[in-house]
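# Inside the fold
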Amino acid sequence: MTTQMAQINQVVGLQQVNETLKSLATQFGMVSSIQGAQLVGREVASEGNGLVVADGKARGAFNLAGAADRVNVEILGRAGEVLGTVDLGGRGAGLQTFEWPLGSVDPARVATLRVTATGGGQSVTATPLALHKVQSVGLVEGALRLRTDGGTLAYDQVLAFL
């Protein structure tokens, strides 16, 4: 009988631990949502190749695998045509951002970017990133999601907050 009472107490204890963990998970979700709200209106970078076009300029980002003596960015239109270029000079390794004034270019034509980089006469790998402007945040099945001008992103898809 003592063994059975001990087993019952153990089951009740496990149920209480389970309820406590569920409560903590709910609270964590609410805190994540509150923190995510601070991202509304900010830009984030994710995998992909896209620019944010606003206020007469296009903003973009890319990642350099190593330092480069010369970095050149081409702004490409919907058909892959070069709309403009930005000479960024030398840059260090890591996340890089840039702006390009649209001038007379129709913002609807701006699509992607192409980056070429060299260091010491050798090509340096440059990976274009997609910039997104966060419009709203919310919890979907307990996970934080960011609604952006380019679609919906899971929080873990964000590579950088700009």
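Thresholds, definitions, all that
Residue positions are given per chain, counted from 1 along the sequence in the order it is written. Thresholds applied to this predicted model are a pLDDT of at least 70 for local features of residues and 80 or more for the giving and counting of side-chain atom pairs; totals over whole chains, interfaces and linings are not thresholded and use all residues. With hydrogens and water stripped out, all remaining heavy atoms of the structure feed into the side-chain values. Here, a strand pair is defined by DSSP locating no fewer than two bridges between the strands. Numbering of helices and strands starts at the N terminus; helices are DSSP runs of H or I of at least 4 residues and strands are runs of E of at least 2. Working definition: with a 1.4 Å probe on protein chains only, accessible area under 20% of the residue-type maximum means buried, over 50% means exposed, and in between means partly exposed. Each Phe, Tyr or Trp ring (for Trp, its six-membered ring) is paired with any other whose centre lies within 6.5 Å, and the angle between the two planes then decides the class: stacked below 30 degrees, edge-to-face above 60, tilted in between.

## Comments concerning the sheet that holds strand 5 (residues 82-91)
Reading across the sheet, the four strands line up as 5-4-7-8 and stay open at both edges, with antiparallel pairing between neighbours. In the strand order of this sheet, the two ends are held by strand 5 and strand 8 (122-123), each with one partner. The sheet contact formed by strand 4 (residues 68-77) and strand 7 (residues 110-119) spans eight bridges and is antiparallel. Each bridged residue has a counterpart across the sheet, and for arginine 70 the counterpart in strand 7 is threonine 118.

## Quick word on unusual backbone geometry
Phi is positive for aspartate 55, which is not a glycine, with a value near 55°. Looking at the secondary structure, you find aspartate 55 in the loop between strand 2 (52-54) and strand 3 (57-64). Judged by its relative accessible area of 75%, aspartate 55 is exposed.

## Quick notes on the packing of aromatic side chains
Per the stated rule, a full pass over the model turns up two aromatic pairs. Their ring planes at 45° and their centres at 6.3 Å tell us that phenylalanine 62 and phenylalanine 98 sit as a pair that is tilted. Pair noted here: phenylalanine 62 is in strand 3 and phenylalanine 98 is in strand 6 (residues 94-101), with a separation of 36 residues, a long-range link. For the pair shown, phenylalanine 62 and phenylalanine 98 are each scored as buried. Relative to phenylalanine 161, the ring of tyrosine 155 lies with its centre 5.9 Å away and its plane at 35°, an arrangement referred to as tilted.

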